[in-house]
Amino acid sequence: MLNKKICMVGAFAVGKTSLVKQFVEGIFDEKYHTTIGVKIDKKVIEKDSKSDTVQLMIWDIEGVDVFTNLKPTYLRGSSGIILVVDGTRRKTLEPTEEIISIIKEHLGNIPIVLLINKSDLETSWQFQIEDTLTLGIADSNIFKTSAKNDNNVESAFERLVELISK
Amino acid sequence: MLESKPDLKEQNDSGGEVEIPDKEYRRLRSLMLGQDYEAILTSRLENDNVYRVSSVLTEAFKKRNSEDDSLALEMSPVIESAIDESIKNHPERITNVIFPIIGPAVRKAVTRALADLMQSLNYVLQNSLSLKSLVWRIKAWRLGVSYAKYLLTQSIHYQVEQVFLIHRESGLLIQSVQAEGVSYQDPDLVSSMLSAISDFAKDSFEQEEARLETLQMGDLTILIEAGPHAVLALAIRGTLHADVQQVSTELIEALHSNFAKELRYFDGATEPLEPAIPMLQEALITREKAKKESKPWFAIIAVTLLLLVLGYYSYQNYLLQRSIEQAVVRVNQEPGYQVLSRKYEDDLLTLEVLRSAMSVPQNELIDTLKPSKYEIVFNEKIASIDDPEIYLPYLSSKYQANLSVERGEQNKLIILGEITENNLARLMQDSLANSVFSVEKSPKLIIKPSLSVQQKSRSEFVDLVQSINSQLYYFQVASAELTEESQNLLNQNITKIRRILDLQTLAETTIIQIGIFGFADPQGSRTTNIDLSQQRAKLIKSILLENDISDSLVISWGGGAIDMSSVPSQYQRRARIEILYELKGATSHAQ
């Protein structure tokens, strides 16, 4: 079994913690609790053979805003990143370029999967996938997700595992 | 033995070389020099080889031993086989060697075990019954932990409960171990959180170069020791001691030394670092608080109380049994009474009693007994002269007779049967019998003769002879010296042989001959074995003669070695005695 560290990054209140909770525990909580510092969870993804099994240590890092910058120390040793934005808030796109820049500076070209969260409210979205293409993330690595409906959550993580395993 | 030499060469007629086979060469030499000279030469060469080897053997061993252990390794199977053989052939020798060591070692071990048991018992009692233990129980309850767990924390100085080896860069857990009986959280999450806490502290207090070294929560301390590629975290319960810090420092260094490549290029696969687990386990140290060696008073008092209680109850039981015995004897002494059986249960003594109609009523007898701790009840059967089926079975059994009755003239009851003279005399004194009827010797009562003196003597004689004839006496290797055990046995049997001789007259038997037969084991030549076996037989004969057993009766004979391959050698080195006798008026007997 292989152990891998991945980090959830993004602006505050985009749904990073909810996505982790949905992925690890299969539950969704309407109440919002801001993450301070980092929260760590674990999930084992089993493949066809035991040798392909991956244990993910998921570091859910506190959200970035005008007061809080992304702390590169938490990113150390990561094998992949899940970058989350909130489709209902265009403002959450703003810090993504800087986040990607920090990631590339400290971790090089590690795989990044972009999640446009809250697809259950897609009718209220303020931007579309096309607006994210400038980030330089391939189409196949961009997912519309919903932590509430469990839409594409597992697929997104599996995609990251696939990219890490290459 | 001559080694086969390379074939010699000679020139043939055409100038080429031809080989002369070694066999031919030797044959030629033999013809020229003669067979005897050949033999002498061979023998001389052999002796020379032996001499040469023996003169250097000791030095060769010494030299080889100083270079490596190969000699010991090669000799080891040989020595083991030699020890096996020695034990098989001479078990008494090994026993004699070990005996002086075993006794003191066993005594010491038993003494130590008893002392430890008393200390443990004392510890348990002290921690269960003392005021201190009561206070600890309350504290444990307040902390929400079990008393056993709290007790442990009070008795240990410190204990390393868990050890984590964490990848420094990613915070991923590489390996972890925990002490037995310690409950623990998910080590993967713990190691990641420790990493995150360390990073958080560094960022929060802007300490780029410094690292978190300890975390403390109550009596649990997390000691963190960082290396270039991995971090060691030890979870310690109790007082953090310098010993543990040293252990952790040395351990992280050793891990980086032994697993440099694996740690440097760690990619999440933990299997290559599984060999590090034993090293981590060595760090699971427990240091107990020094126990003062003191007298285990609690245990002593508890054991003394227990002994006193047991002693008291034993004494009470003894008094009770004695009282019951006295009551039974008293009843038996009463004319016309006989106790057939007794039963004691729940403070009630029940006696099955046979009494005559003329004897005192039972309640009067019970009144005279007056036991204080229990009641007496009689289940009686009245034996009147007209109820022989009641008393006859009892009398028959008691006097080993076969008794019955018939009506005679004047309506007398006549006892019939067989009884010995002695038992008849006792029957005539029996109080029950006398109270039921007047006992006279009836002409119809057949007196059985008791076993005569002659019969008893003969029975004893035959038993003793069988015992002597069935025993064997063993000897030391290649000697006519008896083993210690056999010497003792012979001494005992000499007494029996003298008794046999003394019984001849009373038993009306005659001893014809006392034969002594010696044997040897198959080692050695036939001649040697015959001589040895004869010496062995003669030795025993001489011992009998020294004990006033007539020379004219005793013969000795040596049988050499008899083929007994399934019998161990030490049991083939033996001798035996055979007594041949005849009964007066019968032919010879020997067994």
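Cut-offs used in this document
Residue indices begin from 1 for each chain and proceed along its sequence in written order. By the order in which they are written, chains take letters starting at A while ligands take numbers starting at 1. Given that this is a predicted model, residues contribute local features only at a pLDDT of at least 70 and side-chain atom pairs are listed and counted only at 80 or more, while totals for whole chains, interfaces and linings are drawn from all residues. Based on all heavy atoms of the structure, the side-chain values leave hydrogens and waters out of the count. The helix and strand labels rest on DSSP assignments: H or I over at least four residues marks a helix, E over at least two residues marks a strand, and numbering proceeds from the N terminus. Here's how the labels work: a residue is buried when its accessible area is under 20% of the maximum for its type, exposed when over 50%, partly exposed in between, all with a 1.4 Å probe on protein chains only. Residues count as neighbours in contact if any of their non-hydrogen atoms are within 4.5 Å of one another. A 1.4 Å probe and the Shrake-Rupley method give the accessible areas. Residues count as covered only by the protein chains that appear here. The pairing criterion for strands is at least two bridges between them, as found by DSSP. A fitted line through C-alpha atoms represents every axis, and for helices the fit uses only the stretch in contact; the resulting angles, taken between N-to-C directions, go from 0 to 180 degrees. A side-chain nitrogen of Lys or Arg and a carboxyl oxygen of Asp or Glu constitute a salt bridge if their distance falls within 4 Å. Patch members must show over 30% relative accessible area and no salt bridge, and they are joined within 9 Å when carrying like charges or within 5 Å when they are nonpolar side chains of Val, Leu, Ile, Met, Phe, Trp or Tyr. Polar contacts, as counted here, are pairs of nitrogen or oxygen atoms within 3.5 Å of one another; within protein the pair requires one atom able to donate a hydrogen and one able to accept it, and residues that are adjacent in sequence qualify only if both atoms are side-chain atoms. Here, expected helix span is obtained from the residue count minus one, scaled by 1.5 Å. Stacked, tilted and edge-to-face are the three classes assigned to paired rings of Phe, Tyr and Trp, where Trp is represented by its six-membered ring and a pair needs centres within 6.5 Å; plane angles under 30 degrees give stacked, over 60 edge-to-face, the rest tilted. Only lysine NZ and arginine CZ atoms are considered, and such an atom sits over a ring when it is within 6 Å of the ring centre and within 35 degrees of the ring normal. Handedness of a crossover: with both strands directed away from the viewer, a clockwise path from the first strand across the helix to the second marks it as right-handed. Roughly parallel covers angles under 35 degrees, roughly antiparallel covers those over 145, roughly perpendicular covers 65 to 115, and oblique covers all other angles. It is the rotation of the near helix from the far one that decides the hand of a crossing: anticlockwise by less than a right angle makes it left-handed, clockwise makes it right-handed. Each residue gets one of three labels, nonpolar for Ala, Val, Leu, Ile, Met, Phe, Trp, Tyr, Cys and Pro, charged for Asp, Glu, Lys and Arg, and polar for the others, Gly among them.

Asker: Explanation requested: the overall build of chain A in the structure shown.
Answerer: On a plain count of helices and strands, chain A comes out with four helices and six strands. Going residue by residue from the N terminus, the α and β elements of chain A occur as β-α-β-β-α-β-α-β-β-α. A buried classification covers 54% of the 166 residues belonging to chain A. A separation threshold of at least 6 residues defines the contact pool for chain A, and within that pool the share at least 24 residues apart is 69%. Working note: accessible area of chain A is about 7,900 Å², and carbon and sulfur atoms make up 48% of it.

Asker: Looking at this structure, how should I read the overall build of chain B?
Answerer: Within chain B, the regular secondary structure consists of 19 helices and 19 strands. Contacts in chain B between residues at least 24 apart in sequence constitute 60% of all its contacts with a sequence separation of at least 6. Summed over all atoms, the accessible surface of chain B reaches about 37,600 Å², with 55% contributed by carbon and sulfur.

Asker: What is the right way to look at the sheet that holds strand S1 (residues 2–10) of chain A in this model?
Answerer: Across a sheet, strands are paired by hydrogen bonds formed along the backbone, either parallel or antiparallel in direction. Residue and element names in this part refer to chain A. Reading across from one edge, S2-S3-S1-S4-S5-S6 is the order of the six strands in this open sheet, with mixed pairing throughout. Of all strands in the sheet, those bounded by a partner on one side alone are strand S2 (38–45) and strand S6 (142–144). Direction aside, neighbouring strands of the sheet carry axes that sit 25° apart on average. By the bridge criterion, seven bridges tie S1 to strand S3 (residues 54–61) in an arrangement that is parallel. In the strand pairing of S3, Leu2 is matched with Val54.

Asker: Help me understand the pattern of salt bridges, please; the structure alone is not making it clear to me.
Answerer: Side-chain pairing between opposite charges can occur once the charged atoms of the two side chains come close. Tallied over the full model, the rule gives 25 salt bridges over all chains. Its salt-bridge partner being Glu169(B), residue Arg76(A) comes within 3.9 Å of it at the nearest N-O pair. On the criterion of chain membership, the pair formed by Arg76(A) in the loop between helix H2 (72–75) and strand S4 (80–86) and Glu169(B) in the loop between strand S3 (156–167) and strand S4 (173–178) is interchain, its members lying in two chains. The class for Glu169(B) is partly exposed, based on a relative accessible area of 40%. Shared partners join several salt bridges into a network, and the residues in it are Lys63(B), Arg64(B), Glu67(B) and Asp68(B).

Asker: Mind showing me how you'd approach a nonpolar patch on the surface here?
Answerer: All names here are of chain B. The grouping of Val53, Leu57, Phe61, Met75, Ile79, Ile83 and Ile87 at the surface amounts to a nonpolar patch, some 570 Å² of accessible area in total. Contributing elements (two or more residues each) for the nonpolar patch: helix H2 (35–67) and helix H3 (70–89). Top contributing element to the nonpolar patch by residue count: H3, with four residues. Within the secondary structure layout, Ile87 lies in helix H3. Note on Ile87: relative accessible area 38%, which makes it partly exposed.

Asker: Could you clarify how one ought to interpret the side chain of Arg573(B) in this entry?
Answerer: All names here are of chain B. Its location among the elements puts Arg573 in the loop between helix H19 (569–572) and strand S18 (574–583). By relative accessible area, Arg573 is classed as buried at 5%. Within the structure, the side chain of Arg573 is placed 2.9 Å from the side chain of Asp521, a separation counted as a polar contact. In this structure Arg573 touches Asn89, Tyr473, Tyr474, Phe475, Gln476, Val477, Ala478, Phe519, Asp521 and Arg536, once residues within four positions along its chain are discounted.

Asker: When you look at helix H4 (residues 153–165) of chain A in this model, what are you seeing that I'm missing?
Answerer: With 13 residues, H4(A) extends 19 Å from end C-alpha to end C-alpha; this agrees with the ideal 18 Å at 1.5 Å per step. Taken together, the buried positions of H4(A) are occupied by Val153(A), Ala156(A), Phe157(A), Arg159(A), Leu160(A), Val161(A), Leu163(A) and Ile164(A).

Asker: Looking at this structure, how should I read the packing of aromatic side chains?
Answerer: Each aromatic ring pair is specified by the distance between its two centres and by the angle formed by the two planes. By the definition in use, this model includes 10 aromatic pairs over all chains. Ring centres of Trp59(A) and Tyr74(A) lie 6.4 Å apart, and the angle between their planes is 55°; on these two criteria the pair is classed as tilted. With Trp59(A) in strand S3 and Tyr74(A) in helix H2, this pair connects stretches of sequence that are 15 residues apart. For the pair formed by Trp59(A) and Tyr74(A), the shared burial category is buried. Here Tyr344(B) and Tyr374(B) contribute two aromatic rings whose centre-to-centre distance is 5.7 Å and whose plane-to-plane angle is 90°, an arrangement assigned as edge-to-face. With Tyr344(B) in strand S9 (residues 337–345) and Tyr374(B) in the loop between helix H12 (362–369) and strand S11 (375–383), this residue pair connects regions lying 30 residues apart in the sequence. Look at Tyr344(B) and you get partly exposed, because its relative accessible area is 28%. Directly above the aromatic system of Phe23(A) lies the positively charged group of Lys43(A), at a separation of 5.2 Å from the ring centroid. Above the plane of the ring of Phe519(B) lies Arg574(B), whose end atom (NZ or CZ) is 4.3 Å from the centre.

Asker: Where do I start with the pairing of S4(A) in this structure?
Answerer: Regular strands place side chains that alternate from one sheet face to the opposite one. All names here are of chain A. Burial of S4 is extensive: seven of the seven residues sit out of reach of the surface. By the alternation rule, side chains of S4 split into Gly80, Ile82, Val84 and Asp86 and Ile81, Leu83 and Val85, which are all buried. Both S1 and S4 contribute to a ladder of five bridges, which runs parallel. The residue of S4 that forms the bridge with Cys7 is Ile81. Regarding the hand of the β-α-β motif, the stretch spanning S4, helix H3 (residues 96–107) and strand S5 (residues 112–117) is right-handed.

Asker: Just checking my understanding: could you explain the packing of helix H17 (residues 484–507) of chain B against helix H18 (residues 526–546) of chain B for this structure?
Answerer: Residue and element names in this part refer to chain B. At their nearest, the axes of H17 and H18 sit 11 Å apart, and the two run at 45° to each other. The angle between H17 and H18 falls in the class oblique. The way H17 lies across H18 gives a crossing that is right-handed. Along the contact surface, H17 presents Gln487, Leu490, Ile494 and Ile497, while H18 presents Ile540, Ile543 and Leu544. Of the residues that constitute the contact of H17 with H18, the class distribution is six nonpolar, one polar and no charged.

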